[in-house]
Amino acid sequence: MKQRRIAHITLLVKNYDDAIDFYTQKLGFSVFKDVKLSETKRWVVIAQKSESGIGLLLAQADGDLQMKMVGHQAGGRVFLFLHTDDFWRDYTEMKEKGVAFKESPRNEAYGTVVVFKDLYGNLWDLIEPK
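Sequence positions are assigned chain by chain, starting from 1 and proceeding in written order. Residue-level local features of this predicted model are given only where pLDDT is at least 70; pairs of side-chain atoms are given and counted only at 80 or more, and the full residue set underlies all totals for whole chains, interfaces and linings. The side-chain quantities take in all heavy atoms of the structure and omit both hydrogens and water.

In the nomenclature of an unreviewed UniProt entry, the chain is known as Catechol 2,3-dioxygenase of Kriegella aquimaris.

1. Describing the pattern of salt bridges
Any Lys or Arg side-chain nitrogen located within 4 Å of an Asp or Glu carboxyl oxygen qualifies as a salt bridge. If you walk through the whole model with that rule in mind, you get 8 salt bridges. The closest approach of N and O atoms between Glu39 and Lys36, which form a salt bridge, is 3.5 Å. Any residue under 20% of the maximum accessible area for its type is buried, any over 50% is exposed, and the rest in between are partly exposed; the area is computed with a 1.4 Å probe on protein chains only. The exposure class of Glu39 is exposed, given its relative accessible area of 70%. Among the charged side chains, a network of salt bridges with common partners joins Asp17, Asp34 and Arg42.

2. Quick word on the domain arrangement of the chain
Start and end positions for the domains come from either an automated domain assignment or a database one. If you check the domain split of the chain, you get domain 1 (1-70) and domain 2 (73-129). Relative to domain 2, the C-alpha centre of domain 1 lies at a distance of 19 Å. Tallying the contact residues gives 19 residues for domain 1 and 15 residues for domain 2. Interface area lost by domain 1 to domain 2 is led by Phe22, Lys26 and Leu27, which between them contribute 34%. Secondary structure elements are taken from DSSP: a helix is a run of H or I of four residues or more, a strand is a run of E of two residues or more, and numbering for both begins at the N terminus. Contributing elements (two or more residues each) for the side of domain 1 that touches domain 2: β1 (8-13) and α1 (16-25). Every residue pair with non-hydrogen atoms within 4.5 Å of one another is taken to be in contact. Two parts placed together each lose some accessible area under a 1.4 Å probe, and the buried area is that loss summed for both.

3. Looking at the environment of Ser104
For Ser104, the position within the fold is in the loop between β6 (100-101) and β7 (106-108). On the basis of relative accessible area, Ser104 is assigned to the exposed category, the value being 56%. In this structure the C-alpha to C-alpha distance between Ser104 and Phe116, which are 12 residues apart in sequence, comes to 9.8 Å.

4. Overview of the packing of aromatic side chains
Only Phe, Tyr and Trp rings are paired, with Trp represented by its six-membered ring, and only when their centres lie within 6.5 Å; those with planes under 30 degrees apart are stacked, over 60 edge-to-face, the remainder tilted. Under the criterion given, the structure shown has 10 aromatic pairs. Aromatic pair Phe29 and Trp124: ring centres 6.1 Å apart, planes at 85 degrees, arrangement edge-to-face. With a gap of 95 residues between them, Phe29 in strand β2 (residues 29-36) and Trp124 in strand β9 (residues 123-129) connect regions that are remote in the sequence. Of the two residues, Phe29 and Trp124, neither departs from the other in class, the shared state being buried. Look at Phe116 and Trp124: their rings are 5.6 Å apart centre to centre, the planes differ by 25 degrees, and that puts the pair in the stacked class. Overall, Phe116 belongs to the buried group, its relative accessible area being 0%. Taken together, the ring pairs connect Phe22, Tyr23, Phe29, Phe87, Trp88, Tyr91, Phe101, Phe116 and Trp124 into an aromatic cluster.

Take a look at the structure:
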């Protein structure tokens, strides 16, 4: 039987290096690939600690339409979900590093959660599942 999995999700960004800095320094991601494809394009994949999960393919916006979509890829809804095994550790660390939270942490039936924004305004959930 063939095995398939989602490997990457494209995340539109304004600038490769600014995005790499935010995701590595504030959220603890690692850069797994950074390959120059042309004078304006790179293949940049970031992920949490291991490349075995889904990676984010950072795509620098090209043109007016893509630039308008940066930060709005989910139409104002939460776009990405970052699971943790220690909510309060990660929440405190992210807050100290200047990550913008839209609310106070809350307990839900599925776990402890808080919504935060990335550097472009995309909404994420930080969740410690039950």
